[in-house]
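If you want the building blocks of each chain, they are given just below.
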Amino acid sequence: MATSSRTNLIGHKTRLRLLAMVLLATCMTVGCVSSSNKWVALRATPRNPLTETLGLVTRSGPKPTEQTIQLLRRYNLEDNLSDERATLLARLDEIDQQEPNRVNAYAMAELAYVGAKREEQSKHIDRALELYGSAVLHSYRYLFDDKYGAASNVYDPKFRRACDLYNAALEGTLRIVQAQDNIRPGTSRIIKTANHECTLEIELHSKGWQDEDFDRFKFVSDYEIHGLTNHYRSYGLGVPLIAIRRQHVDRDPREQFYPAELSFPITAFLRMKSEAKADDGSQRLHAVLELRDPLDRSSLEVAGMKVPLETDLSVPLAFFLSKPALDDSKLSTLGLLKPEKVEKLTGLYMLEPFRADKIPVVMVHGLWSSPATWMEMFNDLRSDPLIRENYQFWFYLYPSGQPFWFSAAQMREDLLAMRKSLDQQRQQPALDQMVLVGHSMGGLVSKLQSTDSGNNFWNTFSD
């Protein structure tokens, strides 16, 4: 088979590394069927790193840290804590305009976030939205505004708390906006914050998914994993989301390979574009909500700095697997005892967008099993940046109750149909490097894709 120049760059070490991980994961996970379809569970309260720092669930309610109260004391504003929060923020903003100090931006972000939480608890949703937006703005300024001179000290505990404030405030904003009107890429809206008005544009940044693929989303922080052994997430800026894909009936040949209600990881990042003062003295902001695909890249550039994205690859996968139609205990048993019931489901499935530049790894399950048996391995392999940069993972489903040579013939036809559908002109060399990984009966089905018996079978029965 022809090998592309890009593939040559992967090298033997990467291939050996992939093989070693496959073999290790196979020994640990293949053949084990989960006794429950409960892959994820809703948390009693969303996970929030600021819960203890700001006393979010205490009886007295959220309150700012002692450092912020100390700053208010310095400006003789401690008694103003009980005032309307927008008024206090406006006063601090005036001070910061006269004497710019990064600590002021942090204090404003914290005060706005605490105020938003209190307003939300009091069911004052509009005021909560304004204060969440202010918290996002001021924490963004703390992290990136060059008017403060020297860059933020990443060793200062306030730096990590500012990141947490940015993430938590952005999540609070998105929750309210989502409840009012579904967020979709390619749209824009106006959001009012305390003392500001912001034009917000929504953009999807993905090499595989398109705007029309994005139906709705849920928040990763609402869920905890039960069904996957390992949980892969990274820390940085942004809100990890579970994006639920919308199915379409169109001419795109890839559509036939995506299962219904497929969910995939997305990280929401709000980028401040510009600020201007209106004629009435109010501040006008322009921001872009970037919906980033963490499978494409794990960082982005902001104000000349490389910023890691906060990502979660495992929760969206577990959320998708929790669909009743994917109950492995039922699907695998049905495929064994009543193969005709599963025959219409036979075929290739993709859980991530098809990429012509990535080598497909097709996983084929064994007897009394289904593609769910590969999910632990898929979760582990996809977590490696080098592997997910060069490989894409597909799954083949067949009724294991039928003779395996029937399944092998069906798979051969399905692979041929896939190639004709996705690469009719055979201009995608990565498809020539396809890797088949089979377990048990799936190993026999896979082997028959690459075995040419010549005339041996015929000669056995005829001279």
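Going by the structure above, here's the rest.
Residues numbered from 1 in each chain as written. Predicted model: local features only at pLDDT ≥ 70, side-chain atom pairs only at ≥ 80, totals over all residues. Heavy atoms only, no water.

A. Up close: the environment of S332. Turning to its location among the elements, S332 is positioned in helix 8 (residues 328-337). Spatially, the C-alpha atom of S332 lies 9.2 Å from that of A372, the residues being 40 residues apart in sequence. Residue contacts for S332: discarding those within four places in its chain leaves W368, S369 and S370. Within the structure, the side chain of S332 is placed 2.6 Å from the backbone oxygen of D328, a separation counted as a polar contact. (Helix = DSSP H or I, 4+ residues; strand = E, 2+ residues; numbered from the N terminus. Contact = heavy atoms within 4.5 Å. Polar contact = N/O pair within 3.5 Å; in protein donor to acceptor, adjacent residues only side chain to side chain.)

B. Seen up close, helix 5 (residues 125-144). Compared with the 28 Å implied by 1.5 Å per residue over 20 residues, the 28 Å span of helix 5 between its first and last C-alpha is a close match. Across the 20 residues that make up helix 5, a large majority, 16, are buried. (Expected span 1.5 Å × (residues − 1). Buried < 20%, exposed > 50% of the residue type's maximum accessible area, 1.4 Å probe, protein only.)

C. Highlighting the packing of helix 3 (residues 85-98) against helix 4 (residues 102-121). Packing of helix 3 against helix 4 brings their axes to within 10 Å, and their N-to-C directions diverge by 175 degrees. The angle between the axes of helix 3 and helix 4 places the two elements in the roughly antiparallel class. Of the residues in helix 4, those touching helix 3 at R85, L88, L89, L92, D93 and D96 are N104, M108, L111, A112, V114 and G115. Taken together, the residues of the contact of helix 3 with helix 4 break down into 7 nonpolar, 2 polar and 3 charged. (Axes fitted to C-alpha atoms, helices over the stretch in contact; angles between N-to-C directions. Parallel < 35°, antiparallel > 145°, perpendicular 65-115°, else oblique. Nonpolar A, V, L, I, M, F, W, Y, C, P; charged D, E, K, R; others polar.)

D. Expanded view of the sheet that holds strand 15 (residues 391-397). Taken together, 4 strands build an open sheet; the order of strands is 13-15-14-16 and the sheet is mixed. In this open sheet, the two edge strands, each paired with only one partner strand, are strand 13 (347-350) and strand 16 (435-438). If you compare each strand with its neighbour and ignore which way they point, the axes differ by 30 degrees on average. Note that strand 14 (residues 359-364) and strand 15 share 6 bridges and pair parallel. Of the residues in strand 15, the one forming a bridge with M363 is F395. Running over the sheet, helix 10 (residues 375-382) touches strand 14 and strand 15 and is turned about 170 degrees from strand 15. (Pairing = 2+ DSSP bridges.)

E. Quick look at the pairing of strand 7 (residues 239-245). The element strand 7 is largely enclosed, with a buried count of 7 among its 7 residues. Two strands pair when backbone bridges link them, and strand 4 (residues 214-219) and strand 7 are joined in this way by 5 bridges, in the antiparallel orientation. Counterpart to R216 in the pairing with strand 7 is I244.

F. The pattern of salt bridges, seen in detail. Applying the stated criterion across every chain yields a total of 28 salt bridges. Put simply, R127 and E119 hold a salt bridge, and the shortest N to O gap is 3.9 Å. When its relative accessible area of 39% is taken as the criterion, R127 is described as partly exposed. On the basis of relative accessible area, E119 is assigned to the buried category, the value being 18%. Across the pair R292 and E290 runs a salt bridge whose closest N-O atoms are separated by 3.1 Å. By sharing partners, the salt bridges in this structure join D215, R216, R246, E261 and K323 into a single network. (Salt bridge = Lys/Arg side-chain N within 4 Å of Asp/Glu carboxyl O.)

G. Region of the structure containing unusual backbone geometry. A positive phi angle, close to 50 degrees, is found at A303, a residue other than glycine. Tracing the backbone shows A303 in the loop between strand 10 (299-302) and strand 11 (305-308). Among the residues examined, A303 registers a relative accessible area of 56% and is labelled exposed. The backbone of S440 shows a phi angle near 55 degrees, a positive value even though the residue is not glycine. Looking at the secondary structure, you find S440 in the loop between strand 16 and helix 13 (441-447). Under the relative-accessibility criterion, S440 is labelled partly exposed at 46%.

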